[in-house]
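Here are the chains, one letter per residue:
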Amino acid sequence: EAGVVQSPRYKIIEKKQPVAFWCNPISGHNTLYWYLQNLGQGPELLIRYENEEAVDDSQLPKDRFSAERLKGVDSTLKIQPAELGDSAVYLCASSSGTDSYNEQFFGPGTRLTVL
Amino acid sequence: AQKITQTQPGMFVQEKEAVTLDCTYDTSDPSYGLFWYKQPSSGEMIFLIYQGSYDQQNATEGRYSLNFQKARKSANLVISASQLGDSAMYFCAMIKAAGNKLTFGGGTRVLVKP
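For clarity, every value in this text was computed on a predicted model and none was experimentally measured.

The rules we used
- Residues numbered from 1 in each chain as written.
- Chains lettered and ligands numbered in written order.
- Predicted model: local features only at pLDDT ≥ 70, side-chain atom pairs only at ≥ 80, totals over all residues.
- Heavy atoms only, no water.
- Helix = DSSP H or I, 4+ residues; strand = E, 2+ residues; numbered from the N terminus.
- Rg over C-alpha atoms; globule rule 2.2 N^0.38 Å.
- Buried < 20%, exposed > 50% of the residue type's maximum accessible area, 1.4 Å probe, protein only.
- Contact = heavy atoms within 4.5 Å.
- Buried area = accessible area lost by both parts, 1.4 Å probe.
- Nonpolar A, V, L, I, M, F, W, Y, C, P; charged D, E, K, R; others polar.
- Disulfide = S-S within 2.5 Å.
- pLDDT = per-residue confidence, 0-100.
- Salt bridge = Lys/Arg side-chain N within 4 Å of Asp/Glu carboxyl O.

Turning our attention to the overall build of chain A. Along chain A, the regular secondary structure elements total zero helices and 11 strands. Its C-alpha atoms give chain A a radius of gyration of 13 Å, within 12% of the compact-globule value 13 Å for 115 residues. In terms of overall dimensions, chain A has C-alpha extents of about 40 × 25 × 25 Å along its principal axes. When each of the 115 residues of chain A is scored for burial, the buried share is 47%.

In this complex, chain B contributes 23 residues to the contact, which on the side of chain A involves 24 residues. For the pair chain B and chain A, the summed buried area comes to about 1700 Å², and 51% of that belongs to carbon and sulfur atoms. For the side of chain B that touches chain A, the secondary structure elements donating two or more residues are β5 (32–39), β6 (46–52), β10 (88–96) and β11 (102–104) of chain B. With five residues, the single largest contributor to the side of chain B that touches chain A is β5(B). Residue composition of the side of chain B that touches chain A, by class: 11 nonpolar, nine polar and three charged.

Okay, the state of the cysteines next. By definition, a disulfide is the covalent link that joins the sulfur atoms of two cysteine residues. Enumeration over the complete set of coordinates arrives at two disulfides over all chains. Here C23(A) pairs with C92(A) through a disulfide, and the sulfurs are 1.9 Å apart. Disulfide C23(A)-C92(A): the torsion about the S-S bond is -70°, which places it as left-handed. Placement of C23(A) in strand β3 (residues 19–24) and of C92(A) in strand β9 (residues 88–95) is noted, with a sequence separation of 69 residues between them. Comparing C23(A) with C92(A) shows no difference in burial state: the two are buried. One disulfide in the model links C23(B) with C92(B); its S-S distance is 2.0 Å. Measuring the twist about the S-S bond at about -65°, one finds the C23(B)-C92(B) disulfide to be left-handed. Here C23(B) is found in the loop between β3 (19–21) and β4 (24–26), whereas its partner C92(B) is found in strand β10, with 69 residues between them in sequence.

Averaged over all residues, the pLDDT of chain B is 93; the fraction at 70 or higher stands at 96%. Ranking the elements of chain B by mean pLDDT puts β11(B) last with 91 and strand β9 (residues 74–79) of chain B first with 98.

What follows is about the pattern of salt bridges. Inspection of every chain in the model, using the stated rule, returns six salt bridges over all chains. Ionic pairing is found between K73(B) and D26(B), a salt bridge with its closest N-O pair at 3.8 Å. With K73(B) in the loop between β8 (64–69) and β9 and D26(B) in strand β4, the pair connects residues that are 47 residues apart, well separated along the chain. Owing to a relative accessible area of 29%, K73(B) belongs among the partly exposed residues under this scheme. Of the charged contacts in the structure, one is a salt bridge between R63(B) and D86(B), with a shortest N-O distance of 2.8 Å. Separated by 23 residues along the polypeptide, R63(B) in the loop between β7 (60–61) and β8 and D86(B) in the loop between β9 and β10 bring together distant segments of the chain. In this structure, a network of salt bridges that share partners links the residues R64(A), E83(A) and D86(A).

Written out as structure tokens, the structure is:
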């Protein structure tokens with residue numbers, strides 16, 4: 001069974017440019033998460049989806065960040081415009097069901113470098 | 001608010017020896033779950049082990065065991081018989097019963113020496 005797929009794996013952009021990350025969760029997983037991981041730190045939740053509904057986006061900087069999961073499967077995270085401080089790894093994860101103890105499976109992440 | 005503390009930024013361990021990674025947490029919720037994840041240089045977070053706050057026994061998964069001391073709010077990971085492939089970052093994380101938000105600690109980097 002395929003795991004969580006993310007693309008691109010690496011992205012280098014200049015500040016003020018837009019960027020988008022794509023995530024395909026494990027088939028059948030209705031819960032999808034986007035995490036931000038700064039260098040040397042643990043991941044921090046940006047947004048959580050239950051199917052196509054964003055049920056927790058309290059940590060998402062909405063002035064420049066947006067996300068969507070239109071059909072309740074794939075998801076896209078966008079930053080516009082990117083800032084130097086956005087350089088980090090963006091991790092996508094998915095889990096089955098709504099039980100909070102369901103294991104979250106992580107993708108390999110997208111490493112963003114903003115110059 | 002939840003808080004996870006991993007006080008060891010980095011550790012060396014000799015191959016075939018055991019290593020203990022510390023994790024303390026702070027929560028007022030009676031129901032929660034504790035996870036350990038491994039993150040190799042490839043970047044992917046790999047689930048290792050889970051402990052529920054009401055579980056009576058310490059969790060074990062192969063060479064991984066969790067030393068859960070609820071009164072002390074600690075959930076240390078023990079890796080037995082370390083292998084070179086165990087070299088990675090290790091993160092402790094907690095989840096509350098309400099909501100699926102994982103809160104991670106700062107991580108511990110483990111380097112296994114041959």
